[in-house]
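Residue-level structure breakdown
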Amino acid sequence: MGGDFIKLDTVEEYNKLFGLETLHPLVSVIDLSEATRFPAHFTVNYGVYALYLKDTRCGDIRYGKQVYDYQDGTIVSFAPGQVAEVEMAEGVRPAAKGILFHPDLIKGTSLGQEIKSYSFFSYNSHEALHLSEEERDIITDCLAKVRRELVHPIDKLSRRLIARNIQLLLDYCMRFYNRQFVTRAEANKDVLSRFETLLDDYFLSGKTQAEGIPTVRYFAERVFLSPNYFGDLIKKETGKTPQEYIQGKIVDTAKEKLLGTEKSVGRIAEELGFQYSQHFNRVFKKNVGVSPNEYRKLQV
């Protein structure tokens, strides 16, 4: 990590960083072309939600081990708890619009209840959203709607309308991400086939006994994606979550061992990475409809 380290717990702290005006303590629609200060290199630990639409290439953001070099019309977003390193290109005035909002703004609103469903907040920066001209106009329009509410005198409906307009913006982002999954179908199929190969290797190599049941993160890291993006991609391609895929593999392998060997159910559970055979029995019965012992008897 390089440059100044900034713990960004309020909207005002961000505005001060770039010399922007704060209209509301919990939310800000930002336009970096209006900035009066330009920090060149800094690392941010976000305590707020942030979503940026880049209009020109204006620097690199490093998130995790990946660097994303922004082209025109890309969106990247961050949730509280995420850390990103920002390096502005020398001599280039950043041209980006965006929104920052504090978790307190959406408490008790429908957006507060649904914020976790916007899984793109946890995507890596290299999994950014690339927009068409029309999509960019829609995002800009959504930001303008929130800004209009911020300059409007505060009344009883202000908070609700701000939250609703932010939700509209996030729903459009979700739609555009779904479109991006489709337009990247070939690359996605490559990820899917690598996942299937890694899954087969994990069970065939006996890793389950040494390392237990594999996690979604294990596979996501090996195809260089964040767990959320990886999970959404697999679900879009197959209709199944990675967890369902892993469970399917466990059940298939268990069936082979139950019918092809004399091993006890407890031993098979252990070989498949289960600490407790009761847990294995539950997973098997949920997927097959009968217990491992019943399955063995029925087949024989």
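The residue count restarts for each chain, going from 1 along the sequence in the order it is written. Local features in this predicted model are restricted to residues of pLDDT 70 or higher, and side-chain atom pairs are both shown and tallied only at a pLDDT of 80 or more, whereas totals for entire chains, interfaces and linings draw on every residue. The basis for every side-chain value is the complete set of non-hydrogen atoms in the structure, without hydrogens or water.

1. Some thoughts on the layout of surface pockets
What counts here: Both cavities and pockets are sets of points on a 1 Å grid over the protein atoms alone; in a cavity a 1.4 Å probe fits but cannot get out, in a pocket the set is open with protein on both sides within 12 Å along at least five of seven lines, and lining residues sit with an atom within 4 Å of a point. Grid points are joined across faces, edges and corners, and a volume is the space filled by probe spheres set on the points. The way it works is that DSSP assigns letters per residue, a run of H or I at least four long becomes a helix, a run of E at least two long becomes a strand, and they are numbered from the N terminus.
The computed volume of the second largest pocket comes to approximately 200 Å³. Lining the second largest pocket are 16 residues; nearest its centre among them are Ser119, Asn228, Gly231, Asp232 and Lys235. When residues of the lining of the second largest pocket are traced back to their parent elements, those giving at least two are α5 (158-183), α9 (227-238) and α10 (242-260). Per element, the largest residue contribution to the lining of the second largest pocket is six residues, and it comes from α9.

2. Focus: the sheet that holds strand β10 (residues 129-130)
Within a sheet, adjacent strands bond to each other through the backbone by hydrogen bonds, running parallel or antiparallel. Basically, it comes down to this: Two strands are said to pair when DSSP picks up at least two bridges between them. In this analysis, two residues are considered to be in contact whenever any of their non-hydrogen atoms come within 4.5 Å of each other. Every axis in this analysis is a line fitted to C-alpha atoms, fitted for helices over the stretch in contact. Angles between the N-to-C directions lie between 0 and 180 degrees.
Taken in spatial order, the five strands make up an open sheet running β2-β9-β4-β7-β10, and their pairing is antiparallel. The open sheet has two free edges, formed respectively by β2 (27-31) and β10, since each of these has just one partner strand. Relative to β10, strand β7 (residues 74-78) runs antiparallel, the two being bridged by two bridges. From the neighbouring strand, Thr74 faces β10, where its bridge partner is His130. Its contacts with the sheet place helix α4 (residues 133-151) against β2, β4 (49-54), β7, β9 (96-101) and β10, and it is angled at close to 130° to β2.

3. Brief notes about the nonpolar core
Most often, soluble globular proteins have nonpolar side chains that are buried together. Threshold: We define a nonpolar core as any set of buried Ala, Val, Leu, Ile, Met, Phe, Trp, Tyr and Cys residues linked to one another through side-chain atoms lying within 4.5 Å. Burial classes follow relative accessibility: with a 1.4 Å probe on protein chains only, a residue under 20% of its type's maximum area counts as buried, one over 50% as exposed, and anything between as partly exposed.
Counting residues in hydrophobic clusters, the biggest one holds 64 residues, and the most contacted among them are Ile99, Phe101, Ile166, Leu170 and Phe230. Setting aside residues no more than four positions away along its own chain, Ile166 makes contact with Val27, Ile99, Phe101, Leu105, Leu111 and Val146. In this structure, Ile6, Leu17, Ala35 and Phe78 belong to the second largest nonpolar core, which totals 23 residues.

4. Comments concerning the pattern of salt bridges
Here is the rule we go by: What counts as a salt bridge is simple: a side-chain nitrogen of Lys or Arg found within 4 Å of a carboxyl oxygen of Asp or Glu.
If you walk through the whole model with that rule in mind, you get 13 salt bridges. Here Arg179 ties to Glu135 by a salt bridge, and the two come within 2.7 Å at their closest N and O atoms. Of this pair, Arg179 sits in helix α5 while Glu135 sits in helix α4, and the two are 44 residues apart along the sequence. Put simply, Lys145 and Asp141 hold a salt bridge, and the shortest N to O gap is 2.8 Å. You can see Lys145 and its partner Asp141 sitting in helix α4, four residues apart, about one turn around the helix. Several salt bridges share partner residues, and in doing so they unite Lys257, Lys263, Arg267, Glu270 and Glu271 into one network.

5. What to know about the side chain of Ser226
What counts here: Under this definition, polar contacts are N or O atom pairs within 3.5 Å; protein pairs additionally need one hydrogen-donor-capable and one acceptor-capable atom, and for neighbouring residues in sequence, both atoms have to be side-chain atoms.
Within the secondary structure, Ser226 is located in the loop between α8 (216-222) and α9. Of note is the side chain of Ser226, whose polar atom sits 2.7 Å from the side chain of Glu127. Here Ser226 is in contact with Ser122, Tyr123, Asn124, Glu127 and Ala220, once residues within four sequence places are set aside.

6. Looking at the packing of aromatic side chains
How two aromatic rings sit relative to each other is given by the distance of their centres and the angle of their planes. Stated precisely, the cut-off is as follows: Any Phe, Tyr or Trp ring, taking Trp's six-membered ring, that has another such ring centre within 6.5 Å forms a pair; planes under 30 degrees apart are called stacked, those over 60 apart edge-to-face, and the others tilted. Criterion for a charge above a ring: Lys NZ or Arg CZ within 6 Å of the ring centre, and within 35 degrees of the ring normal.
If you walk through the whole model with that rule in mind, you get 24 aromatic pairs. Aromatic rings pair up to connect Tyr49, Phe101, Tyr118, Phe120, Phe121, Tyr123, Tyr177, Phe181 and Tyr229 into one cluster. Above the face of the Tyr245 ring, Lys240 is positioned so that its terminal group lies 5.2 Å from the ring centre.

7. Considerations on α9
Basically, it comes down to this: To estimate the expected span of a helix, subtract one from its residue number and multiply by 1.5 Å.
With twelve residues, α9 should cover 16 Å at 1.5 Å per step; its first-to-last C-alpha distance of 16 Å lies within 8% of that length. Check the buried side of α9 and you find it contacts α5, α6 (185-204), α8 and α10. Just downstream of α9, Gly239 is the residue with a positive phi angle, here 80°.

8. Regarding the environment of Glu237
Along the chain, Glu237 falls in helix α9. Sequence-wise, Glu237 and Lys189 are 48 residues apart; in three dimensions their C-alpha atoms are separated by 7.6 Å. When near neighbours in sequence (up to four residues on either side) are disregarded, Glu237 contacts Phe181, Ala185, Asn188, Lys189 and Leu192.

9. A short note on the pairing of β2
When you tally the buried positions in β2, you get five out of five residues, the bulk of the element. Of the two faces of β2, the one carrying Val27, Val29 and Asp31 and the one carrying Ser28 and Ile30 are both buried. As paired strands, β2 and β9 are joined by five bridges and run antiparallel to one another. Among the inter-strand pairings, Val27 is bridged to a residue of β9, identified as Phe101.

10. A short note on empty space enclosed by the protein
Keep this limit in mind: Polar here means any residue outside two lists: the nonpolar Ala, Val, Leu, Ile, Met, Phe, Trp, Tyr, Cys and Pro, and the charged Asp, Glu, Lys and Arg; Gly therefore counts as polar.
Counted under the stated rule, the structure contains two cavities of 30 Å³ or more. Taken as a whole, the largest cavity holds about 100 Å³ of empty space. Around the largest cavity sit eleven residues that line it, and Tyr14, Phe42, Tyr52, Val86 and Met88 are the ones nearest its centre. Its residues placed into classes, the lining of the largest cavity shows ten nonpolar, no polar and one charged. Approximately 50 Å³ is the volume found for the second largest cavity. Looking at the second largest cavity, the residues that line it are Ile75, Val76, Ser77, Phe120, Tyr123, Asn124, Glu127, Ala128 and Tyr177. Broken down by element, the residue count for the lining of the second largest cavity peaks at three residues, all from β7. The residue makeup of the lining of the second largest cavity, split by class, is six nonpolar, two polar and one charged.

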